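Examination of the molecular architecture
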Amino acid sequence: MISGYFNNDTLLDFAVVSSNTSNQSVAVFLGATGGNLTIPPVYYSTRPSVSSRSICAADVDRDGHVDLVVANYDLNTLSIFKGDGRGVFQTTANTVTLGSAQGPNSIVTADFNDDNIPDLAVSFQTSQSVMMLLGNGGGSFTSKSIVPTNAISSSSPRYLYAADLNHDGRPDTTLGDFGANRVGIFLTQCLATTTSMTTGSVRQLAFEPMVSYTTTVFLGPNAATVGDFNSDSYLDIVTANYDNSSVGVLLGTGNGTFQTQRIFSVGNNVQPMAITVADFNNDGRLDTVVANYRGSNIAVLLGNGNGTLQAQNNMSTGANSKPNAVAVGDFNNDNLLDIAVANYGTNKVGVFLGNGNGNFQIQDTYSTGSSSRPYAVAIGDFSYDNQLDLATANYGTNKIGIFLGIRNGTFQAQTTFLVGNKPSWISVADFNDDSYLDIAVLNSGDNNVGIFLGNGNGVFGTQATFSVGNSTWNYFFAVADLDSDGHLDIVVPNAIEGTISILLGYGDGTFQLQQKFSTGANSEPYGLAVGNFNNDNWLDIAVTNYGTNEVGILLRTW
């Protein structure tokens, strides 16, 4: 039963949903003077449903009149009866389908995303979850998140209520869980955040179905990054194409779509493994650098500012060095960008000091240890001496190496920290919001991400690990605030599974359990990049699907 002012006469009215299979309907009782109700009520059929369970009232189409919304348990739908402001409702309801969730049992309305449009929260008894549907203002809704309630197997979510429980100005949701004998509290935060009934904050992201851009057969996109290469203020995507030894540029249109990829050679059968972007010649235009694994060199391609790249400038990293990753920073404090390279084949990290015109000095190298096989390199000031340091993921010895920088662009011998099995990527960021840089490392042999919290003196705490799946061939990850809560998150491509895993951070160095999103059958995602591709202030994801020779775009919707 629900109450409201259906005919705008200041007398309270009531609507009751019947679950009697012989008379499946909504009964509307209009208020009368003296605290009475009009008898008999007016009935509105919810057929073909034979098990309507719950009802709420809100002006879902923004016409100034109260409407009724009914949850149909058996059909996994909602029925919307639009009101005319006189206490009369449409006799034929509009239907909202609820996707894969099963058994809508209770429904409640509130403005959960602060847009002055009524939204809905629905509990699902069969699929043990709660769904958030954001109103579009015309009587339609967009499914934005599904939060599981099945941490206890006997969960049977029944009754939902909405109220501002923590006095932050946002409506929260309480759930009566009949099967588990508990009450769940879902605290609404920045559009996508709720609170789990058993494990603390649980945030759910959602993306539109992936849109793919073909990169031509046998191109083999292996890695990606983003930047504005044609100076139109829209993000573009650049890929390292392993199979045909090229860089691909997909120019963005600003609405989440991209032009056909343009191809630029990085050498003959050199197999680029990694890519990054920066302005190496100080002309205000983005350039690219790739690590050519088979070519044992790096290639710098200067940008023209119109979406095209100049011919590659290849620089040797040493015979059989097999460079696997590159990173960019100013190591000698001359305000000119330098390049660091993880040389997998020679157990060294290489440093190319920049001249500021797109050219670089001959590589200096530093040992990462016998049989260490450095797979990746990252940059940060770990000791807070205003000098950039290096961190390497030493795949062969299951360690990370820290090289503290000296002001002239040289580095001390590495200090190592034991990690998990086969560390394949490394990144530097502040994961616990203490203003000290931390390290994240991808332990591909253990299928987890390890976090080392920094102390600000070049020393790090004990590794904490967070799973990203099983047997997934994960060799890369990206760091970004994907859910816009001010805390950094991690996204990992899982090549064997054809998925990406997202670990949403709590801001204390810990992360939620992974959320997985498909990249398609046989996609083999090896790399990805994060950026706001459609200018909606939410970060999206571009995935290099090596197996299907495509770049897949996942636009965030929640």
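Everything that follows concerns the structure shown earlier in this document.
To start, this report covers the structure provided alongside it.

With that settled, the discussion passes to the overall build of the chain. Secondary structure assignment for the chain yields zero helices and 47 strands. Going through the 558 residues of the chain one by one, you find that 57% of them count as buried. The contacts of the chain with a sequence gap of at least 6 include a subset with a gap of at least 24, amounting to 43%. Split by element, the accessible area of the chain, about 21300 Å² in all, is 49% carbon and sulfur.

Residue position: G138 is located in the loop between β13 (129–135) and β14 (141–148). Taking relative accessible area as the criterion, G138 reaches 48% and is therefore assigned partly exposed. Sequence spacing of G138 and R62 is 76 residues, and the spatial spacing of their C-alpha atoms is 6.6 Å. Excluding residues that lie within four positions of it along the chain, G138 makes contacts with V60, D61 and K82.

Let us now look at the sheet that holds strand β45 (residues 525–531). Where strands meet in a sheet, backbone hydrogen bonds hold them as pairs that are either parallel or antiparallel. As summarised here, the arrangement of the four strands in space is β20-β47-β46-β45, forming an open sheet in which the pairing is antiparallel. Of all strands in the sheet, those with a lone pairing partner are β20 (211–214) and β45, marking the two edges. Within the sheet, the average angular offset between the axes of one strand and its neighbour, ignoring direction, is 20°. Relative to strand β47 (residues 550–554), strand β46 (residues 540–545) is paired through five bridges, and the arrangement is antiparallel. When the sheet's bridge partners are listed, T544 is paired in β47 with V551.

Moving on, we get to the sheet that holds strand β21 (residues 221–227). Sheet architecture is open: four strands sit in the order β21-β22-β23-β24, paired in antiparallel fashion. Each edge of the sheet is formed by a strand with only one pairing partner; in this case those strands are β21 and β24 (262–265). Here the average twist between neighbouring strands, direction ignored, is 25°.

Another point: the pairing of strand β37 (residues 423–429). With respect to burial, β37 is a largely interior element, seven of its seven residues being buried. Bridge count between β37 and strand β38 (residues 438–443): six bridges; the pairing is antiparallel. Residue pairing across strands places S427 opposite A440, the latter belonging to β38.

Okay, the pattern of salt bridges next. Summed over all chains, the structure comprises two salt bridges. Of the charged contacts in the structure, one is a salt bridge between D84 and R86, with a shortest N-O distance of 2.7 Å. For D84, a relative accessible area of 25% translates into the label partly exposed. For the salt bridge of E497 with K516, the shortest nitrogen-to-oxygen distance reads 2.7 Å. On the criterion of sequence distance, the pair formed by E497 in the loop between β42 (489–494) and β43 (499–503) and K516 in strand β44 (residues 515–518) is long-range, its members being 19 residues apart. On the accessibility criterion, E497 (32% relative accessible area) is partly exposed. Residue class for K516 comes out partly exposed when judged on its relative accessible area of 37%.

β38 sits mainly inside the fold: six of its six residues count as buried. The side-chain alternation of β38 yields two buried faces, one formed by D438, A440 and L442 and the other by I439, V441 and N443. Note that β38 and strand β39 (residues 448–452) share five bridges and pair antiparallel. Note that in β39 the partner of V441 across the bridge is G450. Between β38 and β39, which pair antiparallel and follow one another directly, the connecting turn spans four residues, one of which, N447, has a positive phi of 55°.

As enumerated under the stated definition, the model contains 21 aromatic pairs in all. Look at Y384 and Y436: their rings are 5.5 Å apart centre to centre, the planes differ by 75°, and that puts the pair in the edge-to-face class. Highlighted residues: Y384 in the loop between β33 (374–380) and β34 (389–394) and Y436 in the loop between β37 and β38, separated in sequence by 52 residues. For Y384, a relative accessible area of 38% gives the class partly exposed.

Let us now look at the side chain of Q363. Locating Q363 in the fold gives a position in the loop between β31 (348–352) and β32 (364–367). Looking at Q363, the relative accessible area reads 15%, which means it is buried. Engagement of the side chain of Q363 in a polar contact is seen with the backbone oxygen of T317, the distance being 3.1 Å. There is a polar contact of 3.0 Å between the side chain of Q363 and the side chain of N343. The residues contacting Q363, other than those within four sequence positions of it, are S316, T317, G318, N343, G350, V351 and F352.

Right, let's get into the side chain of T317. Take T317: it is sitting in the loop between β28 (313–316) and β29 (323–329). Those residues in contact with T317, other than ones at most four positions away along the chain, are S296, N297, I298, P323, V341, N343, F352 and Q363.

Right, let's get into unusual backbone geometry. Residue I39 is joined to P40 through a cis peptide bond whose omega torsion reads 0°. Along the chain, P40 turns up in the loop between β5 (36–37) and β6 (42–45). Cis geometry is adopted by the peptide bond preceding P48, which originates at R47 and carries an omega value of 15°. Assignment of secondary structure puts P48 in the loop between β6 and β7 (52–58). Phi at R62 takes a positive value of approximately 60°, unusual for a residue other than glycine. By the element assignment, R62 lies in the loop between β7 and β8 (67–72).

Among the secondary structure elements, R47 is positioned in the loop between β6 and β7. Take R47: its relative accessible area is 42%, and that puts it in the partly exposed class. In this structure, the C-alpha to C-alpha distance between R47 and S25, residues 22 residues apart in sequence, is 7.4 Å.

So, about the environment of D381. Structurally, the position occupied by D381 is in the loop between β33 and β34. Judged by relative accessible area, D381 falls into the buried class, the value being 14%. Those residues in contact with D381, other than ones at most four positions away along the chain, are N386, Q387, L388, D389 and L437. A polar atom in the side chain of D381 sits 3.0 Å from the backbone nitrogen of Y384. Among the polar contacts listed, one links the side chain of D381 to the backbone nitrogen of D385, at a separation of 3.3 Å.

Thresholds, definitions, all that
Residues numbered from 1 in each chain as written. Predicted model: local features only at pLDDT ≥ 70, side-chain atom pairs only at ≥ 80, totals over all residues. Heavy atoms only, no water. Helix = DSSP H or I, 4+ residues; strand = E, 2+ residues; numbered from the N terminus. Buried < 20%, exposed > 50% of the residue type's maximum accessible area, 1.4 Å probe, protein only. Contact = heavy atoms within 4.5 Å. Areas by Shrake-Rupley, 256 points an atom, 1.4 Å probe, with all protein chains shown as cover. Pairing = 2+ DSSP bridges. Axes fitted to C-alpha atoms, helices over the stretch in contact; angles between N-to-C directions. Salt bridge = Lys/Arg side-chain N within 4 Å of Asp/Glu carboxyl O. Phe/Tyr/Trp six-rings, centres within 6.5 Å; stacked < 30°, edge-to-face > 60°. Polar contact = N/O pair within 3.5 Å; in protein donor to acceptor, adjacent residues only side chain to side chain.

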